[in-house]
Amino acid sequence: MTPALDIVGLCGSLRAASLNRKALNLAGASMPAGMQLEVLDWRGLPLFDGDVMAQGVPAAVTALTERIRRADAVLIATPEYNFSLPGGLKNLIDWISRDATQPFALKPVAILSASPGPLGGARVQYDLRRVMLFLNAMVLAKPEVFIGSAAGKFDAASGECTDEATRKFISAQMLAFEGWIAGVRRLRG
Ligand SMILES: Cc1cc2nc3c(=O)[nH]c(=O)nc-3n(C[C@H](O)[C@H](O)[C@H](O)COP(=O)(O)O)c2cc1C
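The rules behind these values
Residues numbered from 1 in each chain as written. Predicted model: local features only at pLDDT ≥ 70, side-chain atom pairs only at ≥ 80, totals over all residues. Heavy atoms only, no water. Near = heavy atom within 4 Å. Areas by Shrake-Rupley, 256 points an atom, 1.4 Å probe, with all protein chains shown as cover. Nonpolar A, V, L, I, M, F, W, Y, C, P; charged D, E, K, R; others polar. Helix = DSSP H or I, 4+ residues; strand = E, 2+ residues; numbered from the N terminus. Expected span 1.5 Å × (residues − 1). Buried < 20%, exposed > 50% of the residue type's maximum accessible area, 1.4 Å probe, protein only. Contact = heavy atoms within 4.5 Å. Polar contact = N/O pair within 3.5 Å; in protein donor to acceptor, adjacent residues only side chain to side chain. Salt bridge = Lys/Arg side-chain N within 4 Å of Asp/Glu carboxyl O. Core = buried A, V, L, I, M, F, W, Y, C linked by side-chain atoms within 4.5 Å.

## Some words on the site of the ligand
- All residues adjacent to the ligand are S13, R15, S18, L19, N20, P79, E80, Y81, N82, F83, S115 and P116.
- Burial of the ligand by the protein amounts to 70% of the accessible area it has alone, namely 620 Å².
- Along the lines of polarity and charge, the residues of the shell around the ligand split into 5 nonpolar, 5 polar and 2 charged.

Put into structure tokens, the structure is as follows:
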């Protein structure tokens, strides 16, 4: 039996009722049978500080770095804050980017975003792509998933997605992600 592809999920929002976390969970549930998602907890990471790093990388950073390095791929669901990345998510990426093994290099990555606004976080996705480009990550180009007006598309209590089109977009992206991960593997040899 082929082992499951090990996908780690990062949510750019920490709040319990996060729409992006709901979208990430839906993506996990929509993955083809050979893929398995584990959403990582990065709450409480210290702010990146070169002096702190010089004294020793915090254990929480090392654990996340190792987990991402081991994973077959990374799925990021993030809100847009002030037309760009949430500071916490950028801080997490900045920490990981300082690791000598470069865990994001040649790592397949897929991105989605949800917002109560109409554009669904379109702008954060392009900023995040730019950041991941610098890290040599292999970011899935398409299909893109922008979940606009997302507050009306997830049940507030259960977190279930009530919008059929959103379900279909996310399923299609996860299918493409599976193919992308296989393609990147072939390229890496
Ligand atoms: C600091 C801050 C800045 C925000 N800026 C934007 C923005 O630029 N574009 C947007 O669509 N929504 C913006 N929002 C609204 C978020 O999309 C909304 O709060 C969303 O629900 C956050 O994602 P979450 O539900 O996963 O926590 C902002 C929210 C906060 C807290």
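## Quick word on helix α5 (residues 122-134)
- Counted at 1.5 Å a residue, the expected span for α5 with its 13 residues is 18 Å, and the 19 Å between its end C-alpha atoms agrees.
- Of the residues making up α5, those classed as buried are A122, V124, Q125, D127, L128, R129, V131 and M132.
- Buried positions along α5 lie against β3 (73-77), α4 (87-97), β4 (108-114), β5 (138-139) and β6 (145-147).
- N136 occupies a position one or two residues after α5 and carries a positive phi of about 60 degrees.

## With respect to the side chain of T65
- Tracing the backbone shows T65 in helix α3 (residues 59-70).
- The class of T65 is buried, set by a relative accessible area of 3%.
- For T65, the side chain forms a polar contact with the main-chain oxygen of V61, separated by 2.7 Å.
- Sequence-distant contacts of T65, defined by excluding residues within four places in its chain, comprise I96, D99 and P103.

## Section: the pattern of salt bridges
- Scanning the entire structure with this criterion turns up 8 salt bridges.
- Notably, a salt bridge pairs D6 with R67, separated by 2.8 Å at the nearest N-O pair. Of this pair, D6 sits in strand β1 (residues 5-11) while R67 sits in helix α3, and the two are 61 residues apart along the sequence.
- The shortest N-O distance in the salt bridge between K90 and D94 comes to 3.0 Å. A residue pair is termed a helical-turn pair when its members lie 3 or 4 positions apart in one helix, as K90 and D94 do in helix α4 at 4 residues.
- You can call D94 partly exposed: its relative accessible area is 25%.
- If you follow the salt bridges from partner to partner, you end up with D6, E38 and R67 in one network.

## Description of the nonpolar core
- In this structure, I93, F104 and M132 are the most contacted members of the largest nonpolar core, which totals 27 residues.
- For this core, the elements supplying multiple residues, two or more each, are β1, α3, β3, α4, β4 and α5.
- With 5 residues, the single largest contributor to this core is α4.
- Apart from the residues lying within four places of it in its own chain, the contact partners of F104 are I68, V74, I93, I96, M132, L135, N136 and A137.
- Listed in part, the 26 residues of the second largest apolar core include L26, A27, L75 and L140.

## Quick look at the side chain of Q125
- You can see Q125 is positioned in helix α5.
- Separated by 2.8 Å, the side chains of Q125 and S113 make a polar contact.
- Aside from chain neighbours lying at most four places away, what touches Q125 is I111, L112, S113, V145 and F146.

## A look at unusual backbone geometry
- The omega angle of the peptide bond from K142 to P143 is 5 degrees, so this bond is cis rather than trans.
- Mapped onto the fold, P143 is located in the loop between β5 and β6.
- Its identity is not glycine, yet F83 carries a phi of approximately 70 degrees, on the positive side.
- Mapped onto the elements of the fold, F83 is located in the loop between β3 and α4.
- A relative accessible area of 53% means that F83 is categorised as exposed.
- With a phi close to 60 degrees, N136 is a non-glycine residue in the positive phi region.
- With respect to the element layout, N136 can be found in the loop between α5 and β5.

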